[in-house]
Each structure stands twice: as structure tokens, then as C-alpha cells.
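The lines below spell out each chain.
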Amino acid sequence: MNPPLTDYQLIGILSIDSYRMRYMEVLFIVLSFKSNKNEIEKFLQDMKNILEDESFNIHDNIKVVKSKKKEEKEKYSTPYTMVDLEYDDSDVVECLKDLTIKEYSETLVDKDNLEPPLLYVFGKDISNKQVYIKVKIKGDKAKYVLCVSFHYAEYEMSFPYFK
């Protein structure tokens, strides 16, 4: 289980985007911060341990969320990206295994699922396009990788450890 967020992390970077829906306005608050190198390296190693374990089962140890959100543009959805790249879940697994700290972009607090609360965001160049990858590790005893996003990046991404 991840430690609770510090006050500094909670303050982090607060970005507010508003989205107008018909006659009402919905406010989305996204809490984003930069994890330190040790935290990211530990996360990447833990993820690789799950994905490279000899008992790894693609049906039990990884879940790639393939549903498209209502407000999401088709071109920037996981289903569209996977079809366009001719990828299946095993290709996503290989991409996740290859992630490095240089491809780390930010850490988000998952407002929809606090167990655990952190989502790690990476950007990977695939076929000359940048793919936005949002992932976390779930489960107490039987750990598995949850890939929440695997789609073309709609906006420019920044990489604090790309050097």
C-alpha cells in the first residue's frame, strides 16, 4: 500500500479545467505532482516484476481499460490507438516492460479509485506518435497492473527526468 500523500504533494500542481455541458458547467480538478526518482524507479521495478514473473497470466495480471469516456475524442481513445497501432494486450505488456524513468511525465491522484490512490503517467514514442500511458498496481496479495490509459497524447507532455 502506498504511503499517504504529504501536504506538499497534495498542494502539488492543481489544474482546473472546466467543461461546458449544455446548460450546466462541470468542474474537473486534477491533482498532479512530480514523484521523486526513487518512487518512480520502485514503481517501474514492481510493475516489471509482475509482468516478467514466470507465473504471469495475461488474463489475471494485467487489465487494459478499453472503454471510451463520453467526453473523450475518438482519436485519443485507447480502443482507437490500439486498433491504429495493431496492438493487443500482449503488445501493451511489452510497452509497459520497456518504460523508463525518462518517459515519466507526472503522478496523478486517482479520484475514481483510491486503492491505491496514485496513477503514474508516461509518454512513449510508438510509430512516430506519442502515446499517453496511465498505469498503477492494484491488489493486496495477488497484484496486477491496471493500465487506465493507452492512447495517443492529445496534448504536449513534459518529461521532468528526460536528460
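Asker: Give me the lowdown on the nonpolar core, citing residues and values where you can.
Answerer: Counting residues in each nonpolar core, the largest one holds 32 residues, and the members touching the most others are M47, L96, F122, I133, V145 and F150. Breaking this core down by element, the ones donating at least two residues are helix 2 (37–52), strand 3 (62–64), helix 3 (78–85), helix 4 (89–98), strand 5 (118–126), strand 6 (129–138) and strand 7 (144–152). If we skip the residues at most four places from it in the chain, I133 touches L96, L99, Y120, V121, F122, K124, C147, S149 and F150. With six residues, the next largest nonpolar core counts L108, L119, A153 and M157 among its residues.

Asker: Any details on helix 3? Residues and values, ideally.
Answerer: Inspection of helix 3 places T78, T81, M82 and L85 among the buried residues, and these make up the whole buried set. Angular distribution of buried residues about the axis of helix 3 spans 95°; they occupy a single face of the element. Buried residues in helix 3 make contact with strand 3, helix 4, strand 5, strand 6 and strand 7. Structurally, the start of helix 3 carries an N-cap: the backbone nitrogen of Y80 is 3.3 Å from a side-chain oxygen of S77. Positive phi shows up at E86, right after helix 3, with a value of about 60°.

Asker: Describe the packing of aromatic side chains, listing the residues and the values that go with them.
Answerer: Throughout the structure, instances matching the rule amount to six aromatic pairs. On the numbers, 6.5 Å between centres and 20° between planes, the contact of F43 with F122 is stacked. Taken together, the positions of F43 in helix 2 and F122 in strand 5 put the pair 79 residues apart, joining distant regions of the chain. With respect to burial, F43 and F122 carry one shared label: buried. An aromatic cluster is built from F43, Y104, Y120, F122 and Y161, whose rings are joined through pairwise contacts.

Asker: Could you give an account of the pattern of salt bridges, naming the residues involved and the relevant values?
Answerer: Where charged atoms of side chains with opposite charge meet at close range, the side chains can pair. The final tally for this structure, using the stated rule, is seven salt bridges. The salt bridge partner of D89 is K66, with a shortest N-O separation of 2.7 Å. Note that D89 is positioned in helix 4 and K66 in the loop between strand 3 and helix 3, a separation of 23 residues in sequence. The class of K66 is partly exposed, set by a relative accessible area of 37%. A salt bridge links E94 to K97; its shortest N-O distance comes to 3.2 Å.

Asker: Tell me about the environment of D140, and name the residues and values.
Answerer: Position of D140 among the secondary structure elements: in the loop between strand 6 and strand 7. Through-space distance from the C-alpha of D140 to that of P116 is 10.0 Å; in sequence the pair is 24 residues apart.

Conventions used here
Residues numbered from 1 in each chain as written. Predicted model: local features only at pLDDT ≥ 70, side-chain atom pairs only at ≥ 80, totals over all residues. Heavy atoms only, no water. Core = buried A, V, L, I, M, F, W, Y, C linked by side-chain atoms within 4.5 Å. Buried < 20%, exposed > 50% of the residue type's maximum accessible area, 1.4 Å probe, protein only. Helix = DSSP H or I, 4+ residues; strand = E, 2+ residues; numbered from the N terminus. Contact = heavy atoms within 4.5 Å. Arc of directions from axis to C-beta. Polar contact = N/O pair within 3.5 Å; in protein donor to acceptor, adjacent residues only side chain to side chain. Phe/Tyr/Trp six-rings, centres within 6.5 Å; stacked < 30°, edge-to-face > 60°. Salt bridge = Lys/Arg side-chain N within 4 Å of Asp/Glu carboxyl O.

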